[in-house]
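The chain contents come next:
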Amino acid sequence: MSDIIQLLPENLANQIAAGEVVQRPASVVKELMENAIDAGASAITLIVKDAGKALIQVIDNGSGMSETDARMSFERHATSKIKNLSDLFNIHTMGFRGEALASIAAVAQVELKSRKWGSELGTFIQIEGGRFVEQSPCQYKEGTGISVKNLFYNVPARRNFLKSNAVELNHVIEEFKRIAIAYPNLFFSLYHNELEIYHLKSGNLKQRIVGIFGANYNERLVPVKESTEILSLHGFVGKPEFAKKTRGEQYFFVNNRFIKNNYLNHAVFGNYEDLMPSGTYPFFALFIQINPATIDINVHPTKQEIKFEEDKIVYTYIRSAIKHALGKYTVTPSIDFESDVRLETFERSKPFISEKQAELSSKNILQQRAKSTLKNWEKLFSISQEIETEDYAVLKPGSNIQSASLFAENDEDNNATSFLQLHQKYIISPIKSGFVVIDIQAAHERILYEELLQKMQQEKMATQQQMFPQKINFNPADFSLIEEILSDINHLGFDIQKFGNHTLVVHGLPGNLTDENIEQVLEQILEQYKNNLSVLKLNRKESLARALAKQQALKPGTVLKQEDMRALSNRLFACAHPNKSLDNRPTYVSFNQSDINLKFQQYT
Ligand code: ADP
Ligand code: MG
């Protein structure tokens, strides 16, 4: 029998290896920027088009490459960074596996121009899908420029797997930020579709953070600086009152390499427990310097996860260093959480919500809403009266529904009270079989969510034009997300237009939104939206509906009139899923008269 094992062709081997290194445009950004840093560049420019799908270009003023090195750099396992095994345990460069360029070149169209310091001429190399197309001498400034075009052009399955431009750009920006924070002494700039969205002059860490996150971070930061013989820690943590509801502004660097490590995050967060509402996360950018021999950075192919030999010591050290820093700056929250009703909102919107939530797709909800009303009422109140389903099918948000109100058994008497508000948080209503307690906020969120989903399918809502249009600035990542949902938002009665690169102008609001701080409203919607996309994996419309519902729902502390409570109950039971809050908790609980009777009998 003939032998069957063969060696994979070089090309194919590289393509397979690429799967590990190159997942998306952001992975290319990371590898190319790290190479520029390893080459000792002091200025690095990143240019992307179509979120990196069309082009990723990195230009540096680093050491450059000789003709031979330029060619060699695309070979697999070609690296100038380690020479022997002992180097592997003492790594001071970002890269060392010698795989990145080979992998990238296997799945894209790549052009490289490089001139080594002191050389007269540069080298030009063109390579497509791992095949060399051209190599020639060229004029070029000292340093290196690499263009990666049409990523995955030869691997359609992977190209199709890429997310929307807004999502991919977000990843690109995130990689860029991580590197820019790690190297505040270098100049960085980032262009997307010809627009410069970051221009970061070299400076200190605080200046860099402010350059990236905005001038208002100036007063939000508390410095951290501690060191012992085995490790040192420095950087900044955010003041608790500026904590955000979404994760994403937590940056740990170990020997200047960005890492993800929940265990260490916890060491930081632990210090904030009593200072912030739960479900919020403080900013931090913290740098751990530690002997490279005591960590293993090779546990994850993209090198974002590391293992510490002494992780408990590192944890304790970080925990107490942050405690010390916060204590030193006597950071006390400037808002009184006890009396702030918004605290409730924070607590309710913890991101862990059910997987099931995602199953409740908007389509199902819309179909079920039409049928649900009657069923829900009947189930809950077991009434015998004939009810016209149409009464409920036309329920309008905010309308005060009087028809077929089943709560008010003594409806003829207009003064009769059938709803009772408890602790400005619950509605209690007697029903034939006992009583129900409705959680106002949970119920209202459910109502708004379903109604908003419905409105998105219908005609555009009316807009109340503003006398004084308001301009709002966003950071580039948030701006691209807002762009993604702008037409849906406007469909719901907002009139918000783009104005320049990072700015929106609010010309009008839906009629029911008045006197609101629209900037804050949009910020909260965005925070929620990000969360919904990333944690719950909802689609765009569902994420938006959920975010708006959470933002606009009645909060505890709102006093409701009889008719408001009646309308709220009616709208709730017109929902497709009236009994589940958006966080998959009950919106109401019912108590049976027989249970109540029993309670009293127990004591006689
Ligand atoms: P690694 O970074 O792990 O060594 P890469 O495939 O990323 O592997 O790069 C291969 C080699 O090419 C590097 O070791 C380095 O010598 C050279 N190189 C890559 N990019 C640059 C650059 N921008 N400037 C100078 N040399 C570079
Ligand atoms: Mg590299």
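In what follows, the structure referred to is the one given above.
Below: a short report on this structure. Predicted model only: the values in this text are computed from it and were never measured. (Residues numbered from 1 in each chain as written. Chains lettered and ligands numbered in written order. Predicted model: local features only at pLDDT ≥ 70, side-chain atom pairs only at ≥ 80, totals over all residues. Heavy atoms only, no water.)

**Considering a nonpolar patch on the surface**
Nonpolar side chains collect at one region of the surface, where Leu 8, Leu 12 and Ile 16 lie side by side and expose about 280 Å² of accessible area between them. Mapped onto the elements, Ile 16 comes out in helix 1 (residues 10-21). (Patch = residues over 30% accessible without salt bridge, like charges linked within 9 Å, V, L, I, M, F, W, Y side chains within 5 Å. Areas by Shrake-Rupley, 256 points an atom, 1.4 Å probe, with all protein chains shown as cover. Salt bridge = Lys/Arg side-chain N within 4 Å of Asp/Glu carboxyl O. Helix = DSSP H or I, 4+ residues; strand = E, 2+ residues; numbered from the N terminus.)

**Digging into the site of ligand 1**
Neighbouring ligand 1 are 19 residues, the closest being Asn 35, Thr 79, Ser 80, Lys 81 and Gly 98. At a separation of 2.8 Å, an oxygen atom of ligand 1 approaches a polar side-chain atom of Asn 35. Contact with the protein chains hides 92% of the accessible area of ligand 1, taken as 530 Å² for the molecule alone. In the shell around ligand 1, the residues fall into six nonpolar, nine polar and four charged. (Near = heavy atom within 4 Å. Polar contact = N/O pair within 3.5 Å; in protein donor to acceptor, adjacent residues only side chain to side chain. Nonpolar A, V, L, I, M, F, W, Y, C, P; charged D, E, K, R; others polar.)

**Some points on the pairing of strand 10 (residues 231-238)**
Burial analysis of strand 10 places six of its eight residues in the buried class, the great majority of the element. Pairing between strand 9 (residues 221-227) and strand 10: seven bridges, direction antiparallel. Bridge pairing in strand 10 places Glu 226 opposite Leu 233. Between strand 9 and strand 10, which pair antiparallel and follow one another directly, the connecting turn spans three residues. (Buried < 20%, exposed > 50% of the residue type's maximum accessible area, 1.4 Å probe, protein only. Pairing = 2+ DSSP bridges.)

**What about the pairing of strand 3 (residues 109-115)?**
Of the strand pairs in this sheet, strand 3 and strand 4 (residues 122-128) are connected by six bridges, and their pairing is antiparallel. Looking across to strand 4, one finds that Val 110 is bridged to Ile 127. Where strand 3 folds back onto strand 4 in an antiparallel hairpin, the turn is made up of six residues, including Gly 118, whose phi is positive at roughly 90°. Pairing of strand 3 with strand 6 (residues 143-149), which is carried by seven bridges, proceeds in the antiparallel orientation. Bridging across to strand 6, Arg 115 finds its partner in Gly 143.

**Looking at the sheet that holds strand 8 (residues 195-200)**
Strand order across the open sheet formed by eight strands is 5-4-3-6-2-1-7-8, with mixed pairing between neighbours. With one partner strand each, in any of the chains shown, strand 5 (131-138) and strand 8 form the two edges of the open sheet. Each strand axis lies, on average, 10° off the axis of its neighbour in the sheet, ignoring direction. The pairing of strand 2 (residues 55-60) with strand 6 spans six bridges and is antiparallel. (Axes fitted to C-alpha atoms, helices over the stretch in contact; angles between N-to-C directions.)

**Quick word on the packing of aromatic side chains**
What the rule picks out here adds up to 17 aromatic pairs. Residues Phe 213 and Phe 283 carry aromatic rings whose centres are separated by 5.3 Å and whose planes lie at 75° to one another, so their mutual orientation is edge-to-face. Pair noted here: Phe 213 is in helix 8 (residues 205-213) and Phe 283 is in the loop between helix 9 (262-269) and strand 13 (284-290), with a separation of 70 residues, a long-range link. You'll find Phe 213 and Phe 283 in the same group, each marked buried. The residue whose ring lies beneath Arg 71 is Phe 132, and the NZ or CZ to ring-centre distance is 3.6 Å. Directly above the aromatic system of Tyr 217 lies the positively charged group of Arg 220, at a separation of 4.9 Å from the ring centroid. (Phe/Tyr/Trp six-rings, centres within 6.5 Å; stacked < 30°, edge-to-face > 60°. Lys NZ or Arg CZ within 6 Å of the ring centre and 35° of its normal.)

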